[in-house]
Amino acid sequence: GGGSAMSDTAASAGQTWAWTVLHTMSEGVLGIDRERRITSANRAARHLLGWSEAELVGQDLHALLQPRRRDGTPYPPGDAPLSWLEGGGELYFIEDVFWRKDGSPIDLEISALVLPQPYLETQAIVLLRDVSDRKESQAALLKAFQDRDQLNQGLEAAHAQLLQAEKMASVGQLAAG
């Protein structure tokens, strides 16, 4: 009988370790069932999305977090990358928009996979990484390049005008001479 108590302790320690890792990760992690209802949400997911676990659990992930695209148009559930999970698929590093509790959009990098063994009612996990800062940085960099190009075009035009003025001055000097 002592051996089984030992394995129970090991299993319990493994569950404690997994729970600790899950709740200290900087990426959001949502558990979902086969109907894409949320079964769990780690601390980072709750922080990113602004909802409490009680508000998230039992909700349809798509209806709650992806009801519309960034432009405000409806987002049919079948068009969302997470619909791929239904065929037992998986997805990695797909960028998409979710909607926070306060109604603001958040740009996320989403990875998801179906668990080989369901854990209680959880059939799949969805990892969420906030990429808003990266997208803002990319937009700022793009704007800086566009501004630089406009400045360069302005400088080229001014240079051409200066050359033309110098030519005219030379012609004037020749004529005067």
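Anyway, here's the lowdown on the structure attached to this text. (Residues numbered from 1 in each chain as written. Predicted model: local features only at pLDDT ≥ 70, side-chain atom pairs only at ≥ 80, totals over all residues. Heavy atoms only, no water.)

1. A closer look at the side chain of glutamine 123
Relative to the assigned elements, glutamine 123 resides in strand β5 (residues 122–130). By relative accessible area, glutamine 123 is classed as buried at 17%. In this view, glutamine 123 contacts Ile32, Asp33, Arg34, Val114, Leu115 and Pro118; residues no more than four positions away in its chain are not counted. (Helix = DSSP H or I, 4+ residues; strand = E, 2+ residues; numbered from the N terminus. Buried < 20%, exposed > 50% of the residue type's maximum accessible area, 1.4 Å probe, protein only. Contact = heavy atoms within 4.5 Å.)

2. A few points about the pattern of salt bridges
Here the structure, examined in full by the defined rule, presents 9 salt bridges. Each member of the salt-bridge network shares a partner with another, and the members are Glu27, Glu109 and Arg129. (Salt bridge = Lys/Arg side-chain N within 4 Å of Asp/Glu carboxyl O.)

3. Looking at the pairing of strand β3 (residues 90–99)
As a general feature of sheets, a regular strand has side chains that alternate between the two faces. Sheet topology note: the β3/strand β4 (residues 105–119) ladder contains 8 bridges and is antiparallel. If you follow aspartate 96 over to β4, its bridge partner there is leucine 108. Linkage of β3 to β4, two consecutive antiparallel strands, is achieved through a turn of 5 residues, within which glycine 103 is found at a positive phi near 90 degrees. (Pairing = 2+ DSSP bridges.)

4. Some words on the pairing of strand β1 (residues 28–32)
Of all 5 residues that make up β1, 5 are buried, and the element is covered over most of its length. Judged by which residues are buried, β1 turns out to be covered on both faces: Gly28, Leu30 and Ile32 on one side and Val29 and Gly31 on the other are all buried. As judged from the 5 bridges shared by β1 and β5, these two strands associate in the antiparallel manner. Pairing of leucine 30 across the sheet is with valine 126, part of β5. Looking at chain direction, β1 and strand β2 (residues 38–41) are connected through 3 bridges and run antiparallel. Within β2, the position partnered with glycine 31 by the bridge is serine 40. The turn linking β1 back onto β2 is made up of 5 residues, and arginine 36 within it adopts a positive phi angle of 65 degrees.

5. Some details on the nonpolar core
In terms of nonpolar packing, the biggest core is built from 23 residues, with Leu30, Leu65, Phe98 and Leu128 touching the most fellow members. Secondary structure elements with two or more residues in this core: β1, β2, α2 (43–49), α4 (61–65), β3, β4 and β5. In terms of residue count, the dominant contributor to this core is β4 (4 residues). Excluding anything up to four places from it in sequence, leucine 30 contacts Ile38, Ser40, Ala41, Ala45, Leu61, Leu65, Ala124, Ile125, Val126 and Leu128. (Core = buried A, V, L, I, M, F, W, Y, C linked by side-chain atoms within 4.5 Å.)

6. Topic: the packing of aromatic side chains
Under the defined criterion, the tally for this structure stands at 1 aromatic pair. Considering the side-chain rings of tyrosine 92 and phenylalanine 93, the 6.2 Å spacing of their centres and the 50 degrees angle between planes classify their relative orientation as tilted. Residue tyrosine 92 is classed as partly exposed on the basis of its relative accessible area of 42%. When its relative accessible area of 56% is taken as the criterion, phenylalanine 93 is described as exposed. The ring of tryptophan 99 carries the charged tip of arginine 68 above its face, separated from the ring centre by 3.8 Å. (Phe/Tyr/Trp six-rings, centres within 6.5 Å; stacked < 30°, edge-to-face > 60°. Lys NZ or Arg CZ within 6 Å of the ring centre and 35° of its normal.)

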